[in-house]
Amino acid sequence: MSMSPPPETLGLGAEPIDMKQAMDTKSDDHSDQDKNLVAISSINKNEPLVTRRELWSYYLYYNGDNGVGPLGYTQTLFQALATAAGYDPVAGPGSSCLADTASGQCVVPWGSGTKSVSSVVLVANVISFAIMTAIFTTIGSAADYGTFGRWLLFAVTVVCWVAQYACMALTSPSRWVLAMVLYIIGFVSYGATLVFYAAVFPRLARNTPHARQLREKYENSEIPPDVYEQEESLEKNRISNISTVHSNVGYIITYALNLSLLLPMAGNSKVDNYVLVLVNTYWVILGIWWFIFQEPRPGPKLPEGEWYLTVGWKQIFAALKTYKRLPYTFVYLFSFFLLADGLNTTGTLVSICQNNKFSFSFLQNTYLGLSQAITSTISTLAFWYIQRYWKISTKTMFVVTNIVTILIPLWGMIGIWTEKFGFHNVWEFWAYNIVFGLFQAPYYAFSQTMMAELSPPGFDNMFFGLFGLSNRASSMVGPSVIQAIIDKTGNNWQGFPFLFAMCTGASLIIWFGVDVTKGRRDAVRWANEQRVHSH
């Protein structure tokens, strides 16, 4: 397959800009252009057409990679072991955090002193996000070259699988530090799988039979630009929403399978470990097919003299220098950095409160997870139907989900002043999981599509690496601040006001500061300029 882009270099969801048009938009300052030059993947008609088998293997991978193990159960097991190993600071060393007379606070040895278990969980998240930052910035962009991206996804997937199976060793409170290490490894590798899996999505979307037909109709002047943009966007949303549905279906199936162990083996001390093995095996069985049936769509060869460990940084610096050329793309990345940080940290804080409320019960968390999984599946399909029927833009749909993103930490704030509301009661955690499923599952699908529409075509891994940095690695700020607040106050609920402010500010920037239509056209124009200059 040819690695050189064709003359027309048509981008996703925007007008095709030919070589002459791209040349006209280039800067006269060639030295400045050289500084901002970034190598790109091939964008041409010779890329393999997406087959039904390939597309289904892509969906099945996400069905297995649903996060129940590395994102849910592993944190619960880690927090449970740390709590069992800690003591109540009010009663003093030797006391139990699980005693009926416990104050509700719990600390474990940490350095030369102690730290609350809630803070330790948040510190683990900070470490995880710091490692993810290093991964995404160092080798994320390098995945655009050759077949490196394909093997990178395979590598981080295998690491996550191994970490999950290793959780069989977590059988006593004395191993809570090992639990923390395995949680971090699993969390990092799981986050990396999401980013590098999502980076495949734009390339698949532009090579589906329907996308190819749309492109041909536009090139033959059979449809106007606005129709092409709208239909191309809906095609991307179709794949994004279906993959999200599969993830939620995987949620349901996994939780249902877990009940086959949790109910009959309720008295077995290792049942939680067996459940993690079952969850992981489900992912292995469904996820392996993507690596077998994925069609080859390699990028260009790594430039001579470059290294995989350094080229990513060079590309990121080059891309950041172009923020004036891609204003809406970078405004979205910045605001999503804050939004994802706020939402991810809110989810962690609610999970900490939920685990304490239900005494770290895998069974209760399974029931709650099922409620979220079922509503997530229904809402994703419903949002997709509403968008497709009324031809609503991706941004408008995303804004609707943002409103609920803001309301969750706002509700948690109420818990500072009263125990009647604000994540203190069993019914509130049921309501939280249902509402989260109804509105936040579509949030993930639409945020991904927003990024695909604002990314220069051919720079998929680079910009989705930055997106991953915003989505996953951003969450170093929130947990760092929240764990400091909890350490100082001894109250988990004191962290919600900061998260409410963060989510609200980020949402307002997205609502009023991001023009997707203009941003999409800027991205295509910039990509074409790079293509012209590199040839």
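Report follows, based on the coordinates.

Cut-offs used in this document
- Residues numbered from 1 in each chain as written.
- Predicted model: local features only at pLDDT ≥ 70, side-chain atom pairs only at ≥ 80, totals over all residues.
- Heavy atoms only, no water.
- Helix = DSSP H or I, 4+ residues; strand = E, 2+ residues; numbered from the N terminus.
- Buried < 20%, exposed > 50% of the residue type's maximum accessible area, 1.4 Å probe, protein only.
- Contact = heavy atoms within 4.5 Å.
- Core = buried A, V, L, I, M, F, W, Y, C linked by side-chain atoms within 4.5 Å.
- Axes fitted to C-alpha atoms, helices over the stretch in contact; angles between N-to-C directions.
- Parallel < 35°, antiparallel > 145°, perpendicular 65-115°, else oblique.
- Left-handed = near helix turned anticlockwise from the far one by under 90°.
- Nonpolar A, V, L, I, M, F, W, Y, C, P; charged D, E, K, R; others polar.
- Disulfide = S-S within 2.5 Å.
- Expected span 1.5 Å × (residues − 1).
- Bend = angle between axes of the 7 residues up to and from the residue.
- Phe/Tyr/Trp six-rings, centres within 6.5 Å; stacked < 30°, edge-to-face > 60°.

1. A closer look at the side chain of Asn 280
Consideration 1: Tracing the backbone shows Asn 280 in helix H11 (residues 271–293).
Consideration 2: Classification of Asn 280 as buried rests on a relative accessible area of 1%.
Consideration 3: Among all residues touching Asn 280, those that are not within four sequence positions of it are Cys 160, Trp 161, Gln 164 and Tyr 165.

2. Describing the environment of Tyr 443
Consideration 1: With respect to the helices and strands, the residue Tyr 443 is situated in helix H16 (residues 426–454).
Consideration 2: Under the relative-accessibility criterion, Tyr 443 is labelled buried at 1%.
Consideration 3: The spatial distance from the C-alpha of Tyr 443 to the C-alpha of Asn 402 is 7.4 Å, given a sequence separation of 41 residues.
Consideration 4: What Tyr 443 contacts, discounting residues up to four positions off in sequence, is Phe 336, Leu 339, Ala 340, Leu 343, Phe 398, Thr 401, Asn 402 and Thr 405.

3. A short note on the nonpolar core
Consideration 1: Grouped together as the largest cluster of nonpolar side chains are 123 residues, with contacts concentrated most on Tyr 73, Phe 78, Tyr 332, Phe 398 and Phe 463.
Consideration 2: Here this core gets 15 residues from one element, more than from any other, and that element is helix H7 (residues 176–198).
Consideration 3: In contact with Phe 78, not counting residues within four places along its chain, are Val 120, Val 121, Ala 124, Trp 176, Ala 179, Met 180 and Tyr 183.

4. A closer look at the packing of helix H18 (residues 477–489) against helix H19 (residues 496–513)
Packed helices, taken two at a time, are described by the angle their axes make and the gap between the axes.
Consideration 1: Running from amino to carboxyl end, H18 crosses H19 at an angle of 155°, the nearest separation of the two axes being 10 Å. For the element pair H18 / H19, the angle class is roughly antiparallel. For the pair H18 and H19, the sense of crossing is right-handed. In contact with Val 477, Gly 478, Val 481 and Ile 482 of H18, H19 contributes Phe 498, Leu 499 and Met 502.
Consideration 2: Tallied by class, residues from the contact of H18 with H19 come to six nonpolar, one polar and no charged.

5. Description of the state of the cysteines
Consideration 1: Counting across every chain of the model gives one disulfide.
Consideration 2: With its sulfur 2.1 Å from that of its partner, Cys 97 forms a disulfide with Cys 106. Torsion about the S-S bond of the Cys 97 and Cys 106 cystine: about 85°, corresponding to right-handed handedness.
Consideration 3: For Cys 106, a relative accessible area of 12% gives the class buried.

6. Some remarks on the packing of helix H14 (residues 362–390) against helix H15 (residues 394–414)
Consideration 1: Contact pair H14 / H15: the axes reach a minimum separation of 11 Å and the direction vectors enclose 145°. The chirality of how H14 crosses H15 is right-handed. Of the residues in H15, those touching H14 at Phe 383, Ile 386 and Gln 387 are Thr 394, Met 397, Val 400 and Thr 401.

7. With respect to H11
Consideration 1: Taking 1.5 Å per residue as the helical rise, H11 with its 23 residues ought to reach 33 Å, and the 35 Å between its terminal C-alpha atoms agrees with that figure.
Consideration 2: At Ile 285, H11 is bent by approximately 25°, the largest bend along its length.

8. Things to note about the packing of aromatic side chains
Consideration 1: A complete count under the given rule lists 44 aromatic pairs for this structure.
Consideration 2: With 6.3 Å between their ring centres and 65° between their planes, Phe 330 and Phe 463 make a pair best called edge-to-face. Here the residue Phe 330 occupies a position in helix H13 (residues 327–357), and Phe 463 occupies one in helix H17 (residues 460–473), the gap between them amounting to 133 residues. Phe 463 matches Phe 330 in its accessibility class, with the two residues each being buried.
Consideration 3: Between the aromatic rings of Tyr 389 and Trp 390, the centroid separation amounts to 4.7 Å while the plane-to-plane angle is 75°, which identifies the pairing as edge-to-face.
Consideration 4: For Tyr 389, a relative accessible area of 54% gives the class exposed.
Consideration 5: Following the ring pairs from residue to residue traces out a cluster consisting of Trp 56, Tyr 58, Tyr 59, Tyr 61, Tyr 62, Trp 151, Phe 154, Trp 161, Tyr 197, Trp 283, Trp 290 and Phe 291.

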